[in-house]
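# Overview (structure and organization)
These are the residues of each chain, in order.
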Amino acid sequence: EEQEEDVLRELRLFLTNLTERLMLDRRFKAFTKPVDIEEVPDYLMVVQNPMDLSTLLSNIDEHKYVTVNEFLSDADLIWQNALEYNPKRDQADRHIRHHACTLKDTMRTIIRKELDKDFQRICEEIRESR
Ligand SMILES: COC(=O)N1C[C@@H]2C[C@@H]3O[C@]2(Cc2nccnc23)C1
């Protein structure tokens, strides 16, 4: 009903604001757009489910997420894929793995500090009712 759409609208605002803040952080520049398959032809041989911050924003706009955990399932792909595709000991791989770990920690810290637990539970009850 209308109250449910009000809740999901507020969730979309929170997730959009979170994602846009991450996109503005220069440490996460490599994660803002899909990896260019023409530049990195073997990427899809290693990574089954590519994900990036701009795709998260599109998914939010398409009402893909009813709970924060559904959003995190996709958002976690970003840093998980980076750890998987960039495992070498060289500085370039170490840099992107460090930023991937920082992305993981930053997302969860913002959610824990800024998203009300009761609000999250209401979203989960809407998901269970559908
Ligand atoms: C999330 O980003 C990544 O996992 N990567 C891995 C790719 C390897 C390296 O850096 C990336 C893009 C790139 N393009 C051209 C040549 N080499 C590279 C970004």
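Residues numbered from 1 in each chain as written. Predicted model: local features only at pLDDT ≥ 70, side-chain atom pairs only at ≥ 80, totals over all residues. Heavy atoms only, no water.

### Observations regarding the overall build of the protein chain
When you go through the protein chain residue by residue, the secondary structure sums to 6 helices and 0 strands. Counting from the amino terminus, helix and strand elements in the protein chain follow one another as α-α-α-α-α-α. Expressed as a percentage of its 130 residues, the buried residues of the protein chain come to 42%. Relative to all contacts within the protein chain whose residues are 6 or more apart in sequence, the contacts with residues 24 or more apart total 69%. Carbon and sulfur atoms make up 51% of the accessible area of the protein chain, which amounts to about 8,000 Å² in all. For the protein chain, the centre of its 20 positive side-chain charges and the centre of its 28 negative side-chain charges are spaced 8 Å apart. (Helix = DSSP H or I, 4+ residues; strand = E, 2+ residues; numbered from the N terminus. Buried < 20%, exposed > 50% of the residue type's maximum accessible area, 1.4 Å probe, protein only. Contact = heavy atoms within 4.5 Å. Areas by Shrake-Rupley, 256 points an atom, 1.4 Å probe, with all protein chains shown as cover. Lys, Arg positive; Asp, Glu negative; His and termini not counted. Charge placed at Lys NZ, Arg CZ, Asp CG, Glu CD.)

### Observations concerning the site of the ligand
Around the ligand, the neighbouring residues are A30, F31, V35, E39, V40, Y85, N86 and I96. At a separation of 3.0 Å, an oxygen atom of the ligand approaches a polar side-chain atom of N86. Taken by itself the ligand offers 410 Å² of open surface, and the protein chains cover 62% of this. (Near = heavy atom within 4 Å. Polar contact = N/O pair within 3.5 Å; in protein donor to acceptor, adjacent residues only side chain to side chain.)

### Observations concerning the pattern of salt bridges
Within this structure, the stated rule accounts for 11 salt bridges. With a shortest N-O distance of 2.8 Å, E114 and R21 are connected by a salt bridge. Taken together, the positions of E114 in helix 5 (residues 91-114) and R21 in helix 1 (residues 2-24) put the pair 93 residues apart, joining distant regions of the chain. On the basis of relative accessible area, R21 is assigned to the partly exposed category, the value being 33%. D74 is the salt-bridge partner of K64, the closest N and O atoms lying 2.8 Å from each other. You can see K64 sitting in the loop between helix 3 (53-61) and helix 4 (68-85) and its partner D74 sitting in helix 4, a full 10 residues away along the chain. A relative accessible area of 11% places D74 in the buried class. A single network of salt bridges, built from pairs that share partners, joins E2, D6 and R9. (Salt bridge = Lys/Arg side-chain N within 4 Å of Asp/Glu carboxyl O.)

### Brief notes about the side chain of E4
By the element assignment, E4 lies in helix 1. Ignoring any residue separated from it by four or fewer positions in sequence, one finds E4 in contact with I126, S129 and R130.

### Quick word on the nonpolar core
Core analysis: the biggest nonpolar cluster contains 33 residues, and F31, L56, F71 and L103 have the highest contact counts within it. Of all the elements in the fold, those that place two or more residues in this core are helix 1, helix 3, helix 4, helix 5 and helix 6 (117-128). At 8 residues, helix 4 tops the list of elements feeding residues into this core. (Core = buried A, V, L, I, M, F, W, Y, C linked by side-chain atoms within 4.5 Å.)

### Observations regarding the packing of aromatic side chains
Tallied over the full model, the rule gives 2 aromatic pairs. Here Y43 and Y85 contribute two aromatic rings whose centre-to-centre distance is 4.9 Å and whose plane-to-plane angle is 55°, an arrangement assigned as tilted. On the criterion of sequence distance, the pair formed by Y43 in helix 2 (residues 43-46) and Y85 in helix 4 is long-range, its members being 42 residues apart. Look at Y43 and you get buried, because its relative accessible area is 7%. An angle of 90° between the planes, with centres 5.6 Å apart, marks the rings of Y65 and F71 as edge-to-face. Of the residues examined, Y65 reaches a relative accessible area of 5% and is grouped as buried. Relative accessible area serves as the criterion here: at 0%, F71 is assigned to the buried category. (Phe/Tyr/Trp six-rings, centres within 6.5 Å; stacked < 30°, edge-to-face > 60°.)

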